[in-house]
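Below, each chain spelled out in residue letters.
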Amino acid sequence: MNAWNDPSRSADERVEALLSAMTLREKLAQLGSIWIGSTTNDKVVAPMLQGVFSEPQEEHVALAHGIGHLTRMFGTKPVSAEEGSRLLAGRQRWLLENTRLGVPAIAHEECLTGFTTLGATVYPTSLAWAATFDPDLVERMAAAIGRDMAMVGVHQGLSPVLDVVRDYRWGRVEETVGEDPYLAGMIATAYVRGLQSQGVIATLKHFAGYAASRGARNHAPVSIGKRELADVILPPFEMAVREGGAGSVMNSYTDLDGVPAGADEALLTGVLRDEWGFEGTVVSDYRSVSFLQTLHRVAGSAGEAGALALRAGLDVELPETRCYGAPLEELINTGRFPEELVDRSVRRVLHQKVQLGLLDRGWTPENSAHDDRRIDLDPETNRLLARDIGERSVILLANDANALPLTADAANIALIGPCADDPRTFLGCYSYPNHALPNNHHEDSGLGVDVPSLLNALGKELPHSTISHQQGCPVKEEDRSGIPAAVAEAAAADLAVVVVGDQAGLFGRGTSGEGCDAADLSLPGVQAELVEAVLETGTPVILVVVSGRPYALGAFAGRCAAMVQAFMPGEEGGAALAGVLSGRVVPSGKLPVQIPVTPGAQPGTYLHAPLGGFSDILSNLDPRPLFPFGHGLSYTTFEYGDLTVSADALGTDGEVEISCVVRNSGNHRAREVVQLYFDDPVAQVARPVIQLAGFTSVHLDAGQQARVTFTLHADRTAYTTTTGQRIVEPGDIHLMIGSSSADIRLRHVVSLTGATRVVGSERRLTTKTCTQ
């Protein structure tokens, strides 16, 4: 038995034994990958990545010396779980038996809305996870995703996305966890814990600054200050590394002030490893190593690009080996690049393979998936979990006429709009039906899972109502031909439910998703004209927006009987929305992004300094949102009172308990998300006027109350100064508890006393909560 196959030895011993047995070519192979079947037709999973590069190597050549990663064996073309598992096991068996050292590969897949493969559960998008404000629920979902992936032999998932939203026009807003770094960090860290609890490595992306691109354009340069990077962009990643133990990080495509993230040693090594203690692998976003040469133009050749990335700390080139293979080998053999840096990254890859059990004596790629039983990747337990997340993520924006919930005997309902009877509009860009099927001529394969539309679900929810349907217009195209029929249907009805929003896609094929950036925040196509036309009939309108980003709804404010927002609620989204409309589900979702008033004057996110707010003196533009961060109504009411604070003063290294009683003063059992905010009114730099410090949920029967306690450490008020130090300084801190960032119910001022403290990666990152 080879020493590296002996589980009784330490991981370091095993890694060093294998590393010492490797040739340079075998080492470089461990830093590469192969994407089998990615160019089998004229449509590909990622079209913008094709045509710029030479064709990948033949499979037997690419695998001859081993390989680090196998790319998307399940997510590239439609395969059943059984077939995909057998194909993956066959590649692994080949590596075991036909390479000199017999080292298996790490198999990775996308898993942003569930395992991205045909027939797997499609959960709500991560923006919908954020709307739940429920990390425990997200952790359960991620564990279910991890179980499904591990069952068929997948080792690493390319999720979650921790990019903090800075501009709502960016196409990938649907993939984020919202505009607040603490909310993003808490939800994403829970996802990491859940996925990794099943032995699947989570991959944090995109490190760092991707969502802050100029003009909200995909891949565009990023020009933000070091303080904004440190205090807004990086904290979610730090939380997921330090609190969640994330095993992998993926670089961003963009450049930060001219330095591409894939070649940024200060970021990939200095911050990630030296400051935060990260010990996993950094993997490239697809072809971002090649982009150092072709798009960023900071390298003159493929070998130079590989050298820049590897020196910076980027360990594995995905999805194929283009720069880390022969081009880099030539530089090493001619003395222009040190082999020691190759060894550094190979050690990290091999450590993960040891941790995954891939090097254990007797490991076999075949598993229970290779018997005659069918593998169900969308079992009822998954669907119930998807429905639970969908229900908790639906946000009741307005209910001015108390039109919701609908009565069980609602007689004549006109269900109108392009998202009313199109189940794909409920699914995110990285769901398999929207991500892979349209790009590979496989639309005829079906969605792979049952996705009831709202028309279908509402009919089941309200069996005694007459529900008629008209599309009115498509999501994207400027086709008005169906609007007159929709208007006639609405005019004849007692109530109109108008369902508008997005169709997720890739690179301009949709209205939301990767490469689907928006010029402004108008509803896509002619959907706004459809809403206006229905409103003009005089029939009460319930506006339902199913989208991947917030759209400007100010033109309809006060004119609709009610307004509902859902952020692509997944395969059970129809049932979730129908449940909220009928009243079977009491809405409890909260906005993780703000809803703008007008499409052109985009508000900044709620995290703005004083000059970022409204002023009728300084500017004629009003940036205030229509609905603020954290907003979300219920079918019941909640009262807040009996505020207690453990101390009016605490040291700059101390903590304080803030508690209040929340009472359900309405008639329905319901869930309320209680939010703690703070304001630091005097600081060395301009700071946000309000910032989320903590949150928790309470489930209360009608008339029931509970005491909610937050334990806030002074570290949670830390910020980065002009010198780059992060400090906690003495002074007053305004504490606020409320139902949203604009609905503050209770306030108290505490004073931080003592000396200014410089804090680093040892600082407290979270706020403890307790409910009694």
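Rules and cut-offs
- Residues numbered from 1 in each chain as written.
- Predicted model: local features only at pLDDT ≥ 70, side-chain atom pairs only at ≥ 80, totals over all residues.
- Heavy atoms only, no water.
- Helix = DSSP H or I, 4+ residues; strand = E, 2+ residues; numbered from the N terminus.
- Rg over C-alpha atoms; globule rule 2.2 N^0.38 Å.
- Buried < 20%, exposed > 50% of the residue type's maximum accessible area, 1.4 Å probe, protein only.
- Contact = heavy atoms within 4.5 Å.
- Lys, Arg positive; Asp, Glu negative; His and termini not counted.
- Charge placed at Lys NZ, Arg CZ, Asp CG, Glu CD.
- Pairing = 2+ DSSP bridges.
- Axes fitted to C-alpha atoms, helices over the stretch in contact; angles between N-to-C directions.
- Phe/Tyr/Trp six-rings, centres within 6.5 Å; stacked < 30°, edge-to-face > 60°.
- Lys NZ or Arg CZ within 6 Å of the ring centre and 35° of its normal.
- Salt bridge = Lys/Arg side-chain N within 4 Å of Asp/Glu carboxyl O.
- Expected span 1.5 Å × (residues − 1).
- Disulfide = S-S within 2.5 Å.
- pLDDT = per-residue confidence, 0-100.
- Core = buried A, V, L, I, M, F, W, Y, C linked by side-chain atoms within 4.5 Å.
- Left-handed = near helix turned anticlockwise from the far one by under 90°.
- Nonpolar A, V, L, I, M, F, W, Y, C, P; charged D, E, K, R; others polar.
- Parallel < 35°, antiparallel > 145°, perpendicular 65-115°, else oblique.
- Patch = residues over 30% accessible without salt bridge, like charges linked within 9 Å, V, L, I, M, F, W, Y side chains within 5 Å.
- Areas by Shrake-Rupley, 256 points an atom, 1.4 Å probe, with all protein chains shown as cover.
- Polar contact = N/O pair within 3.5 Å; in protein donor to acceptor, adjacent residues only side chain to side chain.

S.K.: Just checking my understanding: could you explain the overall build of the chain for this structure?
M.R.: Assigned secondary structure in the chain consists of 20 helices and 27 strands. Computed over the C-alpha atoms, the radius of gyration of the chain is 26 Å, within 12% of the 28 Å expected from 2.2 N^0.38 for a compact globule of 772 residues. Summarising its shape, the C-alpha atoms of the chain cover approximately 75 × 65 × 45 Å along the three principal directions. Expressed as a percentage of the 772 residues in the chain, the buried residues total 62%. A sequence separation of at least 24 residues applies to 80% of the contacts in the chain between residues at least 6 apart. Across the chain, the mean location of the 62 positive side-chain charges is 3 Å away from that of the 93 negative side-chain charges.

S.K.: In this structure, what is going on with the sheet that holds strand 9 (residues 281–283)? I would like to understand it.
M.R.: Strand pairing in a sheet is mediated by backbone hydrogen bonds. Such pairs are either parallel or antiparallel. Spatially, seven strands are ordered 1-2-3-4-5-6-9 in an open sheet, and the strand pairing comes out parallel. The open sheet terminates on both sides in strands that have one partner only, identified here as strand 1 (33–34) and strand 9. The pairing of strand 6 (residues 248–251) with strand 9 spans three bridges and is classified as parallel. When the bridges of strand 9 are listed, Val249 appears paired with Val282. The strands touched by helix 7 (residues 181–196) are strand 4 (156–158) and strand 5 (201–207); relative to strand 5, the strand with the most contacts, the crossing angle is about 150°. Across the face of the sheet, helix 10 (residues 265–275) comes into contact with strand 5, strand 6 and strand 9 while running at roughly 150° to strand 9.

S.K.: Is there a simple way to think about the packing of aromatic side chains in this case?
M.R.: Aromatic ring pairs are reported here in terms of the distance separating the ring centres and the angle at which the planes meet. Taken as a whole and assessed by the stated rule, the structure comprises 13 aromatic pairs. Grouping aromatic residues by their ring pairs yields a cluster made of Phe133, Tyr182, Tyr606, Phe629, Tyr677 and Phe695. The residue whose ring lies beneath Lys205 is Tyr430, and the NZ or CZ to ring-centre distance is 5.4 Å. We note Arg624 situated over the ring of Phe614; from NZ or CZ to the ring centre the distance is 3.6 Å.

S.K.: Even after reading the chapter, I still don't get the sheet that holds strand 23 (residues 726–728), so can you show me in this structure?
M.R.: The strand order across the open sheet formed by three strands is 22-23-26, and the pairing between neighbours is antiparallel. Only two strands of the sheet have a single neighbouring strand rather than two, namely strand 22 (719–720) and strand 26 (757–759). Here three bridges tie strand 23 to strand 26, and the two strands are oriented antiparallel to one another. Within strand 26, the position partnered with Ile727 by the bridge is Val758.

S.K.: Sorry if this is basic, but what is going on with unusual backbone geometry here?
M.R.: With the exception of glycine, most residues fall at negative phi, and the peptide bonds are largely trans. Residue His206 is bonded to the preceding Lys205 through a cis peptide linkage, with omega at 5°. Along the chain, the position of His206 falls in strand 5. Here Arg287, not a glycine, exhibits a phi torsion of approximately 65°, which is positive. Relative accessible area serves as the criterion here: at 2%, Arg287 is assigned to the buried category.

S.K.: Any chance you could explain the pattern of salt bridges here in plain terms?
M.R.: When charged atoms on two side chains of opposite charge get close, those side chains can pair. The final tally for this structure, using the stated rule, is 45 salt bridges. Arg348 is paired through a salt bridge with Asp315; the nearest N and O atoms lie 2.8 Å apart. Placement of Arg348 in helix 14 (residues 339–355) and of Asp315 in the loop between helix 12 (302–312) and helix 13 (326–333) is noted, with a sequence separation of 33 residues between them. Taken individually, Arg348 and Asp315 each receive the classification buried, so the pair is uniform in this respect. Arg745 is the partner of Asp743 in a salt bridge, and the nearest nitrogen-oxygen pair spans 2.9 Å. According to the relative accessible area criterion, Asp743 is partly exposed, its value standing at 29%. One continuous salt-bridge network, built from bridges that share partners, spans Asp378, Arg383, Arg387, Glu571 and Glu572.

S.K.: Please clarify how helix 14 should be interpreted in this entry.
M.R.: Helical geometry note: an α-helix holds 3.6 residues per turn, so side chains three or four residues apart project in the same direction. Taking 1.5 Å of rise per residue, 17 residues should cover 24 Å, and helix 14 covers 24 Å from first to last C-alpha, within 8% of that figure. All of the buried residues along helix 14 are Leu341, Val342, Asp343, Ser345, Val346, Arg348, Val349, Leu350, Gln352, Lys353 and Val354. Gly357, located one to two residues past helix 14, shows a positive phi value of around 80°.

S.K.: So what exactly am I meant to see when it comes to the state of the cysteines here?
M.R.: Here a disulfide denotes a covalent bond joining the sulfur atom of one cysteine to the sulfur atom of another. Under the counting rule described, the total for this entry stands at zero disulfides. Free cysteine Cys419: the closest other cysteine sulfur is in Cys473, separated by 9.0 Å. Look at Cys419 and you get buried, because its relative accessible area is 0%. Note on Cys560: no disulfide assigned, nearest cysteine sulfur contributed by Cys473 at a separation of 15 Å. Cys560 sits in the buried class, given a relative accessible area of 5%.

S.K.: Would you explain the confidence of the model for the chain in this entry?
M.R.: Reading fine detail from the predicted coordinates is not recommended where pLDDT is low. Per-residue confidence for the chain averages 94 on the pLDDT scale, and 95% of its residues sit at or above 70. Below a pLDDT of 50 lies the segment residues 50–54, which in the model reaches 10 contacts outside its immediate sequence neighbourhood of four places, other chains included.

S.K.: Which parts of the structure should I look at to understand the nonpolar core?
M.R.: It is characteristic of soluble globular proteins that their nonpolar side chains tend to be buried jointly. Phe207 and Leu543 are the most contacted members of the largest nonpolar core, which totals 172 residues. Here the element with the most residues in this core is helix 7; it accounts for eight residues. One finds Ala457, Ala562, Leu676 and Ile733 within the second-largest nonpolar core, a separate group that totals 63 residues.

S.K.: What am I meant to see in the packing of helix 18 (residues 483–491) against helix 19 (residues 527–535) here?
M.R.: Helix-helix packing is characterised by the crossing angle of the two axes and by the distance between the axes. Following both chains from N to C, one finds helix 18 and helix 19 inclined at 35°, their axes separated by 9 Å at the closest point. Along this stretch, helix 18 crosses helix 19, giving a crossing that reads as right-handed. Contacts from Ile483, Ala486, Val487 and Ala490 of helix 18 reach helix 19 at Glu529, Leu530, Ala533 and Val534. Counted by class, the contact of helix 18 with helix 19 contains seven nonpolar, no polar and one charged residues.

S.K.: Which parts of the structure should I look at to understand the packing of helix 17 (residues 454–461) against helix 20 (residues 573–582)?
M.R.: Taken N-terminus to C-terminus, the directions of helix 17 and helix 20 make an angle of 45°; their axes are 8 Å apart at the nearest point. As the angle between them shows, helix 17 and helix 20 are arranged oblique. Crossing angle aside, the handedness with which helix 17 passes helix 20 is right-handed. On helix 20, the residues that touch Leu454, Ala457, Leu458 and Glu461 of helix 17 are Gly574, Ala575, Leu577, Ala578, Gly579, Leu581 and Ser582. Classifying every residue of the contact of helix 17 with helix 20 gives seven nonpolar, three polar and one charged.

S.K.: Would you mind going over a nonpolar patch on the surface with me for this structure?
M.R.: A cluster of nonpolar side chains, Leu611, Ile617 and Leu618, forms an exposed patch at the surface whose accessible area comes to about 430 Å². With respect to the helices and strands, Leu611 occurs in the loop between helix 20 and strand 16 (638–645). Given the relative accessible area of 76%, Leu611 is considered exposed.

S.K.: Quick question: what am I supposed to make of the side chain of Arg172 here?
M.R.: Examined against the element boundaries, Arg172 turns out to sit in the loop between strand 4 and helix 7. Looking at Arg172, its side chain comes within polar contact range of the side chain of Glu175, at 2.7 Å. Among residues more than four places away in sequence, those in contact with Arg172 are His206, Tyr210, Asn218, Tyr430, Gly513 and Glu514.

S.K.: Whenever I open this one, the environment of His748 confuses me. Can you help?
M.R.: Topologically, His748 is positioned in strand 25 (residues 744–753). When the C-alpha atoms of His748 and Ala492 are compared, they prove to be 53 Å apart, with 256 residues separating the residues in sequence. Among all residues touching His748, those that are not within four sequence positions of it are Leu643, Val645, Asp648, Ile733, His734 and Leu735.

S.K.: Mind showing me how you'd approach the side chain of Asp180 here?
M.R.: Its place among the elements puts Asp180 in the loop between strand 4 and helix 7. For the buried Asp180, no salt bridge exists, and the shortest N-O distance to an oppositely charged side chain is 6.8 Å, to Arg716. Only 2.9 Å separates the side chain of Asp180 from the backbone nitrogen of Leu183, close enough to count as a polar contact. Only 2.5 Å separates the side chain of Asp180 from the side chain of Tyr606, close enough to count as a polar contact.

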